[in-house]
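Spelled out, the chains give:
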Amino acid sequence: MKIAVVNTKGGVGKTTTAVYLATVAASQGKSTELLDADPQGSATSWSDIAAEEGTPLPFPVTPANKITLGRAGQQELTVIDTPPGAADVIQAAIDAADVVVVPTAPSGLDLQRVWPTLEAAAHKPAGVLITSAELGTKLLELTKETLEAEGVFVFENIIGKRQAIRQAFGTVPSNFYGYRDLLDEIFEVTR
Ligand SMILES: Nc1ncnc2c1ncn2[C@@H]1O[C@H](COP(=O)(O)OP(=O)(O)O)[C@@H](O)[C@H]1O
Ligand SMILES: [Mg+2]
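Residues numbered from 1 in each chain as written. Chains lettered and ligands numbered in written order. Predicted model: local features only at pLDDT ≥ 70, side-chain atom pairs only at ≥ 80, totals over all residues. Heavy atoms only, no water.

A.B. asks: Any details on the side chain of Thr-131? Residues and values, ideally.
C.D. replies: Within the fold, Thr-131 resides in the loop between strand E6 (126-130) and helix H6 (138-149). Not counting chain neighbours up to four residues away, the residues in contact with Thr-131 comprise Val-12, Pro-103, Thr-104, Ala-105, Pro-106, Ile-159 and Tyr-179. (Helix = DSSP H or I, 4+ residues; strand = E, 2+ residues; numbered from the N terminus. Contact = heavy atoms within 4.5 Å.)

A.B. asks: Go over H6, please, and point to the residues and values.
C.D. replies: Here H6 contains 12 residues, and its C-alpha end-to-end distance of 16 Å stays within 8% of the 16 Å for a straight helix at 1.5 Å per residue. Those residues of H6 that fall on the buried side of the exposure criterion are Leu-140, Thr-143 and Leu-147. Seen end-on, H6 carries its buried residues on one side only, within an arc spanning 60 degrees. Within H6, the exposed residues directed more than 90 degrees away from the buried face are Lys-138, Glu-145 and Ala-149. One or two residues past the end of H6 sits Gly-151, with phi positive at roughly 80 degrees. (Expected span 1.5 Å × (residues − 1). Buried < 20%, exposed > 50% of the residue type's maximum accessible area, 1.4 Å probe, protein only. Arc of directions from axis to C-beta.)

A.B. asks: Tell me about the nonpolar core, and please be specific about residues and values.
C.D. replies: What tends to happen in soluble globular proteins is that the nonpolar side chains get buried as a cluster. Membership of the largest hydrophobic core comes to 31 residues, with the highest contact counts inside it found for Ile-3, Leu-34, Phe-59, Tyr-179 and Ile-186. Listed by contribution, the elements that provide at least two residues to this core are strand E1 (2-5), helix H1 (14-27), helix H2 (42-52), strand E4 (77-81), strand E5 (99-104) and helix H8 (179-190). Residues in contact with Ile-186, not counting those within four places in the same chain, are Met-1, Ile-3, Leu-21, Val-99, Val-101 and Phe-155. (Core = buried A, V, L, I, M, F, W, Y, C linked by side-chain atoms within 4.5 Å.)

A.B. asks: I'd like a description of the site of ligand 1, backed by residues and values.
C.D. replies: With respect to spatial proximity, 15 residues lie near ligand 1, and among them Gly-11, Thr-15, Thr-16, Gly-160 and Arg-162 are the closest. With respect to ligand 1, the backbone of Gly-11 contributes an N or O atom lying 2.7 Å from an oxygen atom. At a separation of 2.9 Å, an oxygen atom of ligand 1 approaches a polar side-chain atom of Lys-14. When ligand 1 sits alone it has 560 Å² of accessible area, and the protein chains cover 79% of it. Comparing atom positions with the cavity grids shows ligand 1 to sit within the largest pocket. Ranked by the residues each element gives to the shell around ligand 1, the list is headed by H1, at three residues. Taken together, the residues that form the shell around ligand 1 break down as three nonpolar, eight polar and four charged. (Near = heavy atom within 4 Å. Polar contact = N/O pair within 3.5 Å; in protein donor to acceptor, adjacent residues only side chain to side chain. Areas by Shrake-Rupley, 256 points an atom, 1.4 Å probe, with all protein chains shown as cover. 1 Å grid on protein atoms, 1.4 Å probe; cavity = no way out; pocket = protein on both sides within 12 Å on 5 of 7 lines; lining within 4 Å. Sits in = over half its atoms within 2 Å of the grid points. Nonpolar A, V, L, I, M, F, W, Y, C, P; charged D, E, K, R; others polar.)

A.B. asks: Account for the packing of aromatic side chains, naming residues and giving values.
C.D. replies: Tallied over the entire structure, the rule returns three aromatic pairs. Between Phe-153 and Phe-155 the ring centres are 5.2 Å apart and the planes differ by 85 degrees, which places this aromatic pair in the edge-to-face class. Using a relative accessible area of 36% as the deciding quantity, one classes Phe-153 as partly exposed. In this structure Phe-155 comes out as buried when scored by relative accessible area, which is 1%. (Phe/Tyr/Trp six-rings, centres within 6.5 Å; stacked < 30°, edge-to-face > 60°.)

Nothing here speaks to function; it is all geometry.
Okay, structure coming up:
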């Protein structure tokens, strides 16, 4: 199974989501890899720092480009982290994937970038992941309603805004918050 984590906007939680999902899968004993298709290499830096600290991530992080993505490996789970902007790399990641996860914060400004991202993924099973959410707020409900009114699939599992997630860069996440249930949901909905 290959999951592409995609949004043409930066700073929406793509790398965080990719690393958490891969960590959950690896912790369940699934053979897992993360392909880092972002030339900025945030997931690669995360992995390098964790290794330098003596607590490596429990899966390999390999740089990838639009050519190598096409021959992505045969792990039980391959998670592809993607750059913002770069339409060709984003398209290659979507084309290589079985399922596309589009993280977005629950704000109107961020939602603007979800529509073109979903358009690029129209030929694949795709869902929006609401992340950095303040649970129980009107804005969160409004975001869900706006997406669902447009016929968009929204993952039931929403990731809250948490200081601990923000601080997890360069470490092995040990508390998965909503990401364990999210991975279950991704496997469930793509079955
Ligand atoms: N659920 C969350 N709660 C709080 N901060 C988050 C959460 N998810 C991501 N972040 C933070 O938001 C910023 C952008 O996340 P990142 O995963 O790098 O986004 P992207 O890869 O889309 O650019 C980072 O500082 C990250 O730590
Ligand atoms: Mg990133």
